[in-house]
Amino acid sequence: MMENLKSLTEIPDLRKRILFTLLMLAVYRLGSFVPTPGINPDVLAQALSGLGGTLFGLLSMFSGGSLNRLTVFALGIMPYITASIILPLLGVVSPTLEKLQKEGELGRKKITEYTRWMTVGLSMFQAFGISIALQKETSANVPLVSHPGLGFTLTTVLTLTTGAVFVMWLGEQITARGIGNGMSLLIFAGIGGGLPKAIGNLYQNVFVTRTWSFPVVFLLLAFMLVVVAFIVFVERGERRIPIQYAKRIVGRKVLGGVSTHLPLKVNSGGVMPIIFAVSILTFPQTIALFAGSQGQGAFVRVLNWFKTAFGWGEPLYTLTYVILIIFFAHFYLSIIYNPDEVADNVRKQGGFIPGIRPGKRTADHLDDVLTKITWVGGLYLALIALIPEVMLAGMRLNHLPVWLGGAWFDSNLPGWLLHGLNINFYFGGTSLLIVVGVAMDTIQQVEAQLIMRHYEGFLKKGRVRGRRAAS
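Residues numbered from 1 in each chain as written. Predicted model: local features only at pLDDT ≥ 70, side-chain atom pairs only at ≥ 80, totals over all residues. Heavy atoms only, no water.

1. Some thoughts on the packing of helix α6 (residues 78-90) against helix α8 (residues 105-136)
In plain terms, the rule: Simply put, an axis is a line fit to the C-alpha atoms, just over the touching stretch for a helix, and the angle between two N-to-C directions goes from 0 to 180 degrees. Numbering of helices and strands runs from the N terminus; a helix is a DSSP stretch of H or I covering at least four residues, while a strand is a stretch of E covering at least two. The scheme is simple: roughly parallel for angles under 35 degrees, roughly antiparallel for over 145, roughly perpendicular for 65 to 115, oblique for anything else. Should the near helix be turned counterclockwise from the far one by less than a right angle, the crossing is left-handed, whereas a clockwise turn marks it as right-handed. The contact criterion used throughout is that any non-hydrogen atoms of two residues lie within 4.5 Å.
Their axes nearest at 8 Å, the elements α6 and α8 cross at an angle of 125 degrees. Looking at the two axes, α6 sits oblique to α8. Crossing geometry of α6 relative to α8 is assigned as right-handed. On α8, the residues that touch P79, Y80, T82, A83, S84, I86, L87 and L90 of α6 are I111, Y114, T115, M118, T119, L122, S123 and Q126.

2. Examining the confidence of the model for the chain
Applicable threshold: Each residue gets a pLDDT score, which is the predictor's confidence in that residue and runs from 0 to 100.
Summing up the model confidence of the chain, the mean pLDDT is 77 and the portion of residues at 70 or higher is 78%. Within the chain, the lowest mean pLDDT, 60, falls on helix α4 (residues 55-62), and the highest, 91, falls on helix α9 (residues 150-177).

3. Topic: the pairing of strand β3 (residues 238-245)
Under the convention used in this document: When DSSP finds two or more bridges between a pair of strands, those strands are recorded as paired.
Pairing geometry for β3 and strand β6 (residues 259-265), over seven bridges, is antiparallel. Bridging from a neighbouring strand, I243 pairs with T260 of β6. Of the strand pairs in this sheet, β3 and strand β7 (residues 351-352) are connected by two bridges, and their pairing is antiparallel. Note on β7: the bridge partner recorded for Y245 is G351.

4. Observations concerning the packing of helix α2 (residues 12-31) against α9
Our working rule: Classification convention: Asp, Glu, Lys, Arg as charged; Ala, Val, Leu, Ile, Met, Phe, Trp, Tyr, Cys, Pro as nonpolar; all other residues, Gly among them, as polar.
For the pair α2 and α9, the least separation of the axes is 9 Å and the interaxial angle reads 170 degrees. The angle between α2 and α9 falls in the class roughly antiparallel. Facing α2, whose interface residues are R17, F20, T21, M24, L25, V27 and Y28, α9 presents F166, V167, W169, L170, Q173, I174, A176 and R177. Tallied by class, residues from the contact of α2 with α9 come to 11 nonpolar, two polar and two charged.

5. Quick word on the pattern of salt bridges
We count it as follows: Salt-bridge detection follows one rule: a side-chain nitrogen of Lys or Arg within 4 Å of a carboxyl oxygen of Asp or Glu. Burial classes: relative accessible area under 20% of the type maximum marks a residue as buried, over 50% as exposed, and values in between as partly exposed (1.4 Å probe, protein chains only).
As enumerated under the stated definition, the model contains eight salt bridges in all. When the shortest N-O distance is used, the salt bridge between E238 and R240 registers 2.8 Å. Given the relative accessible area of 44%, R240 is considered partly exposed. A salt bridge links K372 to D368; its shortest N-O distance comes to 3.4 Å. Of the two residues, K372 and D368 both sit in helix α17 (residues 360-392), four residues apart, roughly one turn of that helix. Overall, the relative accessible area of 53% leaves K372 in the exposed class.

Written out as structure tokens, the structure is:
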């Protein structure tokens, strides 16, 4: 192990990439403590103290606590991710975007440019909604904003938008000049940055306030290990498609005639479908913050119903969350994997799937297999994402109308399932999935760099396979 770690520093290019990645992550963490001007921090802490077990708490975890502290990086990477979702969806209805998607590298560069500009627009919209909501917030009759007005609104919009654009730039730089996927690593750094505080809270609950007993802590840690093992098992799961290569004679050499396989990952999208789903669910929250809920009228009543129905743990929120995760599992797969291109490459190399004709039939077969295993991957992601929700808020099926069985659920299901265990455990299912998935991705990329330079892999046995299907 020490020799493998030493080899990381012996390759100049790899050493520079690792140091650059660590430097960019350090800059990101430093920016997570620069406060937005004009806000009373004591009132802010009091106003947000009860939002840990909500969607707001999940978003704050993704940003490393920046949203909870309303720093310059409060919006984090979410506006960029949302823009990355919207543009491919618009490509279905926009001939111009559809044409760009088919133009190869030049088209991708243009779409990336559009994504950046859309990120700026979304960041300004979300920052404006946050600034309006902050000026309405008070705690014990003390306003959150010391000097509300147009000046504070413009300052907040400028600060948060600039922070979001800078975070986007950091992620792109890590992807281009560092190791791993920049956007995933920024989220990973945000979650990891909250680990010391989580350990402090755990010590406080066990030894100071004695809120949790030792058996409860032991069960939580055992449950976390089981979830980690389950995540690793599924993340490394794949469907192997057999490929047979025909013999070819090139000069005096006979090439081909070998059998191999094409690995298709069960979860090709990694954690991105969950992040996509969360980014979409932030829009109703932003609109609610912008519009407010005070006063009378049909619009206010609809808004209040909307906020209640899509509250953390409510049945409609949970159902929408699961549907979005499964949808984005298929959607992200369609972005990163093209069965027609893979089938064409296999055909050009003289390969074929036994029993399947090369060309269109092979592409259809690959697409059918990918669709089936992605359903499994989507359900797995939904299960992992619901773990923290059940631990904190429960499923709340008893809130359903009577005609949907709300009273029956209230009478027949256990209370811990309906109302949650009220255990705010930092490393829930989503955070564990991100931490484990990003760590596996990064190790795999480091291994690829070592093997490419004729070094032994970082892990000699049981190497971590990549998340994306080989093509």
